[in-house]
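One letter stands for each residue in the lines below.
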Amino acid sequence: MPILRDSTYIYHYNLPMKSKKSILITGCSSGIGLCTAKGLKSEGYRVFASARKPEDVEMLLKEGFEDALQLDLNDSKSIQDAVSSLLLKTNGELYGLFNNGAYGQAGAVEDLSRNTLRECFETNLFGTHELTNLIIPVMRKQGYGRIIQNSSVLGFICLPYRGAYNASKYALEGLTDTLRMELRNTNIKVSLIEPGPITSRFRANAFAAYQRNINKENSPHRATYEAMEARLTKKGPAVPFTLPPEAVLKKVIHALESDKPKIRYYVTFPTYLFAGLRRILPFRWLEKILLKAGD
Ligand SMILES: NC(=O)c1ccc[n+]([C@@H]2O[C@H](COP(=O)([O-])OP(=O)(O)OC[C@H]3O[C@@H](n4cnc5c(N)ncnc54)[C@H](OP(=O)(O)O)[C@@H]3O)[C@@H](O)[C@H]2O)c1
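About the thresholds
Residues numbered from 1 in each chain as written. Predicted model: local features only at pLDDT ≥ 70, side-chain atom pairs only at ≥ 80, totals over all residues. Heavy atoms only, no water. Axes fitted to C-alpha atoms, helices over the stretch in contact; angles between N-to-C directions. Helix = DSSP H or I, 4+ residues; strand = E, 2+ residues; numbered from the N terminus. Contact = heavy atoms within 4.5 Å. Nonpolar A, V, L, I, M, F, W, Y, C, P; charged D, E, K, R; others polar. 1 Å grid on protein atoms, 1.4 Å probe; cavity = no way out; pocket = protein on both sides within 12 Å on 5 of 7 lines; lining within 4 Å. Points joined across faces, edges and corners; volume = space filled by probe spheres on them. pLDDT = per-residue confidence, 0-100. Buried < 20%, exposed > 50% of the residue type's maximum accessible area, 1.4 Å probe, protein only. Right-handed = clockwise from strand over helix to strand, strands pointing away. Pairing = 2+ DSSP bridges. Core = buried A, V, L, I, M, F, W, Y, C linked by side-chain atoms within 4.5 Å. Phe/Tyr/Trp six-rings, centres within 6.5 Å; stacked < 30°, edge-to-face > 60°. Lys NZ or Arg CZ within 6 Å of the ring centre and 35° of its normal. Salt bridge = Lys/Arg side-chain N within 4 Å of Asp/Glu carboxyl O. Parallel < 35°, antiparallel > 145°, perpendicular 65-115°, else oblique. Left-handed = near helix turned anticlockwise from the far one by under 90°.

### Here's the deal with the packing of helix α6 (residues 202-213) against helix α7 (residues 222-233)
Between two packed helices, both the angle of their axes relative to each other and the distance between the axes serve to describe the pair.
So, step 1. Interhelical geometry of α6 versus α7 gives an angle of 145° and a closest axis separation of 8 Å. Here α6 contributes Arg203, Ala204, Ala206, Phe207 and Tyr210 to the contact with α7, which in turn contributes Tyr225, Met228, Glu229, Arg231, Leu232 and Thr233.
So, step 2. Here the contact of α6 with α7 is composed, by residue class, of 7 nonpolar, 1 polar and 3 charged.

### Notes on the layout of surface pockets
Taking a probe equal in size to a water molecule and rolling it over the atoms shows the remaining empty space.
So, step 1. The space that makes up the second largest pocket amounts to roughly 250 Å³.
So, step 2. No other element matches helix α10 (residues 283-293), which puts 5 residues into the lining of the second largest pocket.
So, step 3. Of the residues belonging to the lining of the second largest pocket, the class tally is 10 nonpolar, no polar and 2 charged.

### Some remarks on the confidence of the model for the chain
So, step 1. Looking at the chain as a whole, its pLDDT mean stands at 93, while 94% of the residues score no less than 70.
So, step 2. For the chain, strand β1 (residues 4-5) is the element with the lowest average pLDDT, namely 38, and strand β6 (residues 96-99) is the one with the highest, namely 99.
So, step 3. In this model residues 1-18 is a low-confidence stretch, pLDDT under 50, and it forms 37 contacts with partners more than four residues away in sequence or in other chains.

### Concerning the pairing of strand β8 (residues 188-195)
So, step 1. For β8, the tally of buried residues reaches 7 of 8 residues, placing the bulk of the element in the interior.
So, step 2. Remark: the strand β7 (residues 145-150)/helix α5 (residues 163-182)/β8 crossover connection has right-handed handedness.
So, step 3. Across 4 bridges, the pairing between β8 and strand β9 (residues 264-267) is parallel. Counterpart to Glu194 in the pairing with β9 is Tyr266.

### Looking at the nonpolar core
So, step 1. Core analysis: the biggest nonpolar cluster contains 31 residues, and Leu40, Val47 and Phe98 have the highest contact counts within it.
So, step 2. If you list the elements that add at least two residues to this core, you get β3 (22-25), α1 (31-42), β4 (46-51), α2 (54-62), α8 (246-257) and β9.
So, step 3. Here this core gets 7 residues from one element, more than from any other, and that element is α8.
So, step 4. Grouped together as the second largest cluster of nonpolar side chains are 21 residues, Leu24, Ala82, Leu131 and Met139 included.

### A word on the sheet that holds β8
Two modes of strand pairing occur in sheets, parallel and antiparallel, and in both the strands are linked by backbone hydrogen bonds.
So, step 1. With parallel pairing, 7 strands are arranged side by side in an open sheet as β5-β4-β3-β6-β7-β8-β9. A strand with exactly one partner marks an edge of an open sheet, and here the two such strands are β5 (69-70) and β9.
So, step 2. Lying on the sheet, α1 is in contact with β3, β4, β6 and β7; it crosses β3 at an angle near 170°.
So, step 3. Docked against the sheet, α5 engages β7, β8 and β9, running at close to 155° with respect to β8.

### So, the packing of aromatic side chains
So, step 1. Under the criterion given, the structure shown has 9 aromatic pairs.
So, step 2. For the ring pair Phe121 and Phe126, a centre distance of 6.0 Å and an interplane angle of 50° mean the geometry is tilted.
So, step 3. Among the aromatic residues, those joined into a cluster by ring pairs are Tyr161, Phe207, Tyr210 and Tyr225.
So, step 4. The ring centre of Phe65 lies 5.6 Å from the NZ or CZ of Lys41, which sits over that ring.

### Considering the pattern of salt bridges
So, step 1. Enumeration over the complete set of coordinates arrives at 13 salt bridges.
So, step 2. For Lys38, the salt bridge is made with Glu63, and the minimal N-O distance between the two is 3.7 Å. Of this pair, Lys38 sits in helix α1 while Glu63 sits in the loop between α2 and β5, and the two are 25 residues apart along the sequence.
So, step 3. Two residues, Glu226 and Lys216, come together in a salt bridge whose shortest N-O distance is 3.6 Å. Of the two residues, Glu226 is situated in helix α7 and Lys216 in the loop between α6 and α7; the sequence distance between them amounts to 10 residues.
So, step 4. Residue Lys216 is classed as buried on the basis of its relative accessible area, which comes to 17%.
So, step 5. One network of salt bridges, in which partners are shared, links Glu173, Asp177, Arg180, Glu194 and Arg264.

### With respect to empty space enclosed by the protein
So, step 1. This structure, assessed with the given rule, holds 2 cavities of 30 Å³ or more.
So, step 2. In this structure, the second largest cavity spans a volume of roughly 30 Å³.
So, step 3. Around the second largest cavity sit Asn99, Asn100, Gly101, Ala102, Asn124, Thr128, Asn150, Lys169 and Leu172, which together line it.
So, step 4. Looking at the lining of the second largest cavity, the elements that each hand over two or more residues are α4 (114-142) and α5.
So, step 5. Its residues assigned to classes, the lining of the second largest cavity shows 2 nonpolar, 6 polar and 1 charged.

### With respect to the packing of α4 against α5
So, step 1. Where α4 meets α5, the axes come as close as 8 Å, and the angle between the chain directions of the two elements is 20°. As the angle between them shows, α4 and α5 are arranged roughly parallel. Of the two possible hands of crossing, α4 and α5 adopt the one that is right-handed. Residues Leu117, Cys120, Phe121, Asn124, Leu125, Thr128, His129, Thr132 and Ile136 of α4 touch α5, and the partners they reach there are Ala164, Tyr165, Ala167, Ser168, Ala171, Leu172, Leu175 and Leu179.
So, step 2. Taken together, the residues that form the contact of α4 with α5 break down as 12 nonpolar, 5 polar and no charged.

Shown next as structure tokens:
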């Protein structure tokens with residue numbers, strides 16, 4: 001179905017005309033969230049760009065996001081306040097939700113404390129789930145909506161020393177696939193984005209979480225951690241086939257505007273490759289390849 005645009009508005013056959021489509025994005029302080037917020041704004045969306053830290057909300061306001069919101073996925077009150085203030089401004093409506101905010105917790109599984117694992121799930125899964133559950137009734141009431149989950153290639157294949165992140169993204173994929181089936185009789189469409197390596201602050205933030213939560217000195221994985229530290233602190237892309245965040249923006253636009261958004265959007269060559277290998281290879285063969293890729 002065609003989408004007609006002018007400089008300000010995006011119109012779609014089965015959506016209300018005469019109003020800008022609104023979207024809430026989490027984690028807009030940097031990387032994919034900031035890039036998507038800017039890209040969608042220039043496409044004519046009313047973007048509710050949110051960030052965890054007040055200073056990043058200030059930055060977003062200065063960047064021209066007059067609807068910028070403070071939203072910390074670890075804090076239920078912050079999630080509720082952000083949704084309430086958004087709904088006041090939109091007369092109770094929201095077209096799209098892009099659940100993007102998350103972080104990587106590096107470290108061997110045996111070095112993850114219960115709290116470290118819990119913290120990672122608080123942000124990457126529970127906060128996202130709580131926010132989504134506040135938005136679904138809004139979308140049900142208006143009769144349409146798009147929910148887009150930023151997962152990862154590590155939401156369907158695993159690499160060593162990414163256990164917490166892997167687990168949180170696998171869990172997000174499970175919840176998302178179930179949700180989509182449960183919403184099949186509504187006009188609320190649910191998609192997953194699965195990026196491979198993207199230029200952002202992801203590695204810097206993962207390094208900070210690693211330093212905060214992993215006790216290298218007492219670990220049998222100490223030698224591996226030293227190599228991992230070099231990768232996490234390397235300037236520029238750490239692995240081949242890294243793409244800029246605009247590659248994700250393109251998929252988000254498709255998920256928002258297509259009549260039949262995809263269930264999964266792969267971004268970067270490694271994601272396509274591993275999605276294919278996962279389908280055809282026996283688990284042991286795949287694991288050998290993943291062990292090499294994770295070095
Ligand atoms: N970059 C990659 O290679 C890659 C690959 C696959 C998937 N992804 C996914 O892409 C998404 C965006 O990551 P990115 O690459 O753009 O990395 P990034 O630059 O580190 O951005 C992550 C964003 O999430 C926010 N965030 C972290 N904890 C939060 C919380 N408690 N509440 C709200 N927001 C929070 C961060 O805010 P602060 O600045 O306040 O920490 C930041 O804005 C994530 O879901 C990530 O898993 C990234």
